[in-house]
Amino acid sequence: MKKILLTFGITTMLFLSCSKDAVVDALTGDNAIEGTWVLTDFNADAEAAGTNLNLGEDILDALTAEGCVLVSFKFDEDGNLETQSGVNYLEINAGLTGLEVSCPTEKDIEFTLYTYANGLLTFLDESGEEVTVEATIDGDIMTVNAQDLDLPNFNSEGELIFTKQ
């Protein structure tokens, strides 16, 4: 009877310790990137930011406030990456009443393969070139260097902030 209780106790402890590690790994480990990430903020470098970068921040802020998804990445567990971007379809009107930006109804959709290990995201871009960027994940927030990711209109010094959906 003591052997059965001891075996049960050890098995329970191993099970609980493994599941705790799996939860921690899912939040901060290499599989933390799995899921859908939406661009929610652009923090341009204040010194490097010119009018265009400030405009990019303002545009993204306005679209995010409307619930518009301008750019999203969907990473699956098999190493597939689906990118959706409406950046090329932005219509910007500046008038007497201020900046008016409509949420793009059309998006470019691309599929490629990715790897994510030790904070480095590697994928093939639309021209087949390998791109490696540092992607820092803290819970449901992913931060990527804007220059390295090279999204049109958001590709200067600063950080792109993605939120996991």
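Residues numbered from 1 in each chain as written. Predicted model: local features only at pLDDT ≥ 70, side-chain atom pairs only at ≥ 80, totals over all residues. Heavy atoms only, no water.

**Student:** So what's going on with a nonpolar patch on the surface? Residues and values would help.
**Tutor:** On the surface, Leu55, Ile92 and Leu99 cluster together into a nonpolar patch covering about 210 Å² of accessible area. Relative to the assigned elements, Ile92 resides in strand β4 (residues 91–95). Judged by relative accessible area, Ile92 falls into the partly exposed class, the value being 39%. (Patch = residues over 30% accessible without salt bridge, like charges linked within 9 Å, V, L, I, M, F, W, Y side chains within 5 Å. Areas by Shrake-Rupley, 256 points an atom, 1.4 Å probe, with all protein chains shown as cover. Salt bridge = Lys/Arg side-chain N within 4 Å of Asp/Glu carboxyl O. Helix = DSSP H or I, 4+ residues; strand = E, 2+ residues; numbered from the N terminus. Buried < 20%, exposed > 50% of the residue type's maximum accessible area, 1.4 Å probe, protein only.)

**Student:** Could you give an account of unusual backbone geometry, naming the residues involved and the relevant values?
**Tutor:** With a phi angle near 55°, Asn118 is a residue other than glycine that sits in the positive phi range. Assignment of secondary structure puts Asn118 in the loop between β6 (108–117) and β7 (120–124). A positive phi angle is found at Asp150, which is not glycine, with a value near 60°. Among the secondary structure elements, Asp150 is positioned in the loop between α3 (146–149) and β10 (158–164).

**Student:** I'd like to hear about the environment of Asn43, residue by residue, with values.
**Tutor:** One can find Asn43 in strand β1 (residues 35–44). Taking the C-alpha atoms as reference points, Asn43 and Phe154, separated by 111 residues in sequence, lie 9.6 Å from one another. Residue contacts for Asn43: discarding those within four places in its chain leaves Glu57, Gly158, Glu159 and Ile161. (Contact = heavy atoms within 4.5 Å.)

**Student:** Explain the sheet that holds β1 to me, and be specific about the residues and the numbers.
**Tutor:** The eight strands lie next to each other as β1-β2-β3-β6-β7-β8-β9-β10, forming a closed barrel whose pairing is antiparallel. On average, each strand axis in the sheet is tilted by 35° relative to the strand beside it, whichever way the strands run. When β1 meets β10, the two strands line up antiparallel, connected through seven bridges. Its bridge partner being in β10, Trp37 is matched across the sheet by Lys164. (Pairing = 2+ DSSP bridges. Axes fitted to C-alpha atoms, helices over the stretch in contact; angles between N-to-C directions.)

**Student:** An account of the confidence of the model for the protein is needed here, citing residue identities and associated values.
**Tutor:** Summing up the model confidence of the protein, the mean pLDDT is 79 and the portion of residues at 70 or higher is 77%. Taking the mean pLDDT of every element in the protein, the minimum, 36, falls on helix α1 (residues 2–28) and the maximum, 97, on strand β2 (residues 71–75). (pLDDT = per-residue confidence, 0-100.)

**Student:** Could you give an account of the pairing of β4, naming the residues involved and the relevant values?
**Tutor:** In this sheet, strand β5 (residues 98–102) lies alongside β4 in antiparallel orientation, the contact comprising five bridges. By the bridge assignment for β5, Asn93 is matched with Glu100. What sits between the antiparallel neighbours β4 and β5 is a turn of two residues.

**Student:** I'd like to hear about the state of the cysteines, residue by residue, with values.
**Tutor:** Evaluated as defined, the whole model comprises one disulfide. Between Cys68 and Cys103 runs a disulfide, and the two sulfur atoms are separated by 2.1 Å. Classification of the bridge connecting Cys68 and Cys103 rests on its S-S torsion, roughly 75°, and on that basis the disulfide is right-handed. Of this pair, Cys68 sits in the loop between α2 (51–65) and β2 while Cys103 is found in the loop between β5 and β6, placing the two residues 35 residues apart along the sequence. When its relative accessible area of 8% is taken as the criterion, Cys68 is described as buried. Of the residues examined, Cys103 reaches a relative accessible area of 31% and is grouped as partly exposed. (Disulfide = S-S within 2.5 Å.)

**Student:** So, the pairing of β2: which residues are in play, and what are the values?
**Tutor:** Burial within β2 is extensive, with four of its five residues counted as buried. Alignment of β1 against β2, held across four bridges, turns out to be antiparallel. The residue bridging Gly35 from the neighbouring strand is Phe75, located in β2. In terms of strand pairing, β2 meets strand β3 (residues 80–85) through five bridges, oriented antiparallel. Opposite Phe73, over in β3, you have Thr83 as the bridge partner. Adjacent in sequence and paired antiparallel, β2 and β3 are bridged by four residues, among which Gly79 carries a positive phi angle near 90°.

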